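Residue-level structural notes
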Amino acid sequence: MSFVAEFNTLPLDAFVKKSLATSSVAARETLGKSKILPADFAALISPAAGELLETMGRKAHTMTQQRFGKTIRLFAPLYLSNECVNNCAYCGFSRDNPILRVTLSLDEVRREAEELKSQGFRNILLVAGEHPKFVSNHYLRDCIAALHADWPGISLEVGPMETDDYRPLVAAGADGLVVYQETYDRKVYADMHTAGPKRNFDWRLETPERAYAAGFRRLGISPLYGLADWRYEALSVAAHADYLLRHCWKAAVTISLPRLRPCAGEFEPLTHMSDRELAQLVCAFRLMFPDVGIVLSTRETPKLRDGLLPLGVTMMSAGSHTEPGGYTGAGKEKIHHTERGRIVELASGASEWAPQPDRATNATGQFNIADERPAAEVAELIRKLGYEPVWKDWDAALTT
Ligand code: SF4
């Protein structure tokens, strides 16, 4: 049975109600258990458990150190293209946004990657909008092949594909696939995705399974917090992770915790998750899934990232840019608008989207990041907190 079939049977609204109604006694009992079961997750994210955040934090911290040691895996996103055929209300790359767009050539991708390598990174996340004309499967395969020799960890965050289309990407050297469901609430999903292939909720939800069948051995999942009720999303992604751990057992599963950030289009979050609730959720995921990687991006502020780090986070991005060419200015001279799949030269004169000479690149980013510290500074901070920043992979942590 696919996860979609299992997901359709989940009484998620009832789970949310159960979570909200959890008593202090029940929350305490759950936290005292030596083994947390899926049925316990609603209690872990309850307001009552939120009152016990210190206890949760201590347990999560201990468990993370037992399973992962004192290591934080660092990675960087490399944006290949900000072209997209979808309209996602919360994303700056939406096709109807008149942003400045570009797709990097292979040489430009190499340039960006070289810069990240010089900063120390060996794990890279290749990100692109979904646009078959500019970001074809062949293009992605060529990008991966161009980087494979120098990059032991290559993950992708690109438009979902069929299993057979994924296989050449794995053969070229990609080992991880990240696909955010964005929201597990079908109604909100339909409201947010107004045009393009992304409207198909089930197709997206099944993506990690297709990726696994094609040979990917790192699977990253997550909602985007700020669209639907955060407890509904957390219960859903916990069920999804549980499914993947049971059915895709050769893969390492990671859960991210992205909260909506400002972007082109100026979309305002529809729901709120506080910093404290985010911390509770990190702990809850760790207690529920001792071996799952927990990913924290530069969407959060330095102060919050530093505070969340000891609670269960195992992977962080650092020094990130969310615009293609953001690290070196690669592709700057090719910036354009795209209308109905056609490249449109930039009109001269002032406009909201006019290129700015003082920026390294003029491509528009996907969203504004909150932690702008360079990678070296984040790595130093990780060391100061008593952890080892790992640039390569988990095993290499023992030798680097
Ligand atoms: S979220 Fe992804 S699919 Fe949607 S507009 Fe942005 S890049 Fe395109």
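Residues numbered from 1 in each chain as written. Predicted model: local features only at pLDDT ≥ 70, side-chain atom pairs only at ≥ 80, totals over all residues. Heavy atoms only, no water.

1. Digging into the nonpolar core
- Among the nonpolar cores identified, the biggest contains 109 residues, and Phe41, Leu126, Leu281 and Phe285 are the most heavily contacted of them.
- For this core, the element with the most residues is helix α13 (residues 230–247), which contributes ten residues.
- Sequence-distant contacts of Leu126, defined by excluding residues within four places in its chain, comprise Leu78, Leu80, Cys143, Ile144, Leu147, Ile154, Ser155, Leu156, Glu157 and Val158.
- Listed in part, the 25 residues of the second largest apolar core include Tyr90, Leu125, Ala228 and Ala264. (Core = buried A, V, L, I, M, F, W, Y, C linked by side-chain atoms within 4.5 Å. Buried < 20%, exposed > 50% of the residue type's maximum accessible area, 1.4 Å probe, protein only. Helix = DSSP H or I, 4+ residues; strand = E, 2+ residues; numbered from the N terminus. Contact = heavy atoms within 4.5 Å.)

2. Considering the side chain of Lys198
- Along the polypeptide, Lys198 turns up in the loop between β6 (193–195) and α11 (201–205).
- Judged by relative accessible area, which is 10%, Lys198 ranks as buried.
- In terms of polar contacts, Lys198 uses its side chain to reach the side chain of Glu182, at 2.7 Å.
- The contact partners of Lys198, leaving out residues within four places of it in the chain, are Asn86, Cys88, Tyr90, Glu182, Tyr189, His193 and Arg204. (Polar contact = N/O pair within 3.5 Å; in protein donor to acceptor, adjacent residues only side chain to side chain.)

3. Side note on helix α8 (residues 137–147)
- Of all the residues in α8, the buried ones are Tyr139, Leu140, Cys143, Ile144 and Leu147. An end-on view of α8 places all buried positions within 135° of arc, on one side of the element. (Arc of directions from axis to C-beta.)

4. Overview of the confidence of the model for the protein chain
- Taken residue by residue, the protein chain gives an average pLDDT of 93. The fraction at 70 or more is 94%.
- Note that pLDDT drops below 50 for residues 394–400; the model gives that stretch nine contacts with residues more than four away or on any other chain. (pLDDT = per-residue confidence, 0-100.)

5. Some details on the site of the ligand
- Lining the immediate environment of the ligand, one finds Cys84, Asn86, Cys88, Cys91, Phe93, Ser94, Gly129, Lys198 and Gln366.
- Of the residues assigned to the shell around the ligand, the class counts are four nonpolar, four polar and one charged. (Near = heavy atom within 4 Å. Nonpolar A, V, L, I, M, F, W, Y, C, P; charged D, E, K, R; others polar.)

6. Focus on the pattern of salt bridges
- Within this structure, the stated rule accounts for 22 salt bridges.
- One salt bridge connects Asp150 with Lys117, and the closest N-O pair in it is separated by 3.5 Å. With Asp150 in the loop between α8 and β4 (153–157) and Lys117 in helix α7 (residues 106–118), this residue pair connects regions lying 33 residues apart in the sequence.
- The exposure class of Asp150 is partly exposed, given its relative accessible area of 34%.
- One salt-bridge network, in which partners are shared between bridges, spans Arg305, Asp306, Asp371 and Arg373. (Salt bridge = Lys/Arg side-chain N within 4 Å of Asp/Glu carboxyl O.)

7. Considerations on the pairing of strand β3 (residues 123–128)
- In terms of burial, β3 is largely enclosed, as six of its six residues are buried.
- Going residue by residue along β3, you find Asn123, Leu125 and Val127 tucked away on one face and Ile124, Leu126 and Ala128 tucked away on the opposite face as well.
- With five bridges joining them, strand β1 (residues 71–81) and β3 adopt parallel strand pairing. In the sheet register, Tyr79 faces β3, and the bridge partner there is Val127.
- Sheet topology places β3 next to β4; five bridges connect them, and they run parallel. (Pairing = 2+ DSSP bridges.)

8. Topic: unusual backbone geometry
- Residues other than glycine seldom take positive phi values, yet Glu182 does so here, at roughly 75°.
- Structurally, Glu182 is set in strand β5 (residues 176–182).
- We classify Glu182 as buried; its relative accessible area is 7%.
- Phi is positive for Arg340, which is not a glycine, with a value near 50°.
- As for its position among the elements, Arg340 is in the loop between β11 (337–339) and β12 (342–344).
- Among the residues examined, Arg340 registers a relative accessible area of 86% and is labelled exposed.

9. Topic: helix α16 (residues 375–384)
- Here α16 has its buried residues at Ala375, Val378, Ala379, Leu381 and Ile382. For α16, the arc enclosing every buried residue in end-on projection is 160°, short of the 170-degree limit, so these residues lie on one face. Away from the buried face of α16 by more than 90 degrees, exposed residues Ala376 and Lys384 are located.
- Where α16 is buried, its residues touch β1, α15 (302–312), β10 (315–317) and β13 (388–390).
- Directly beyond the C-terminal end of α16, a positive phi value near 90° is found at Gly386.

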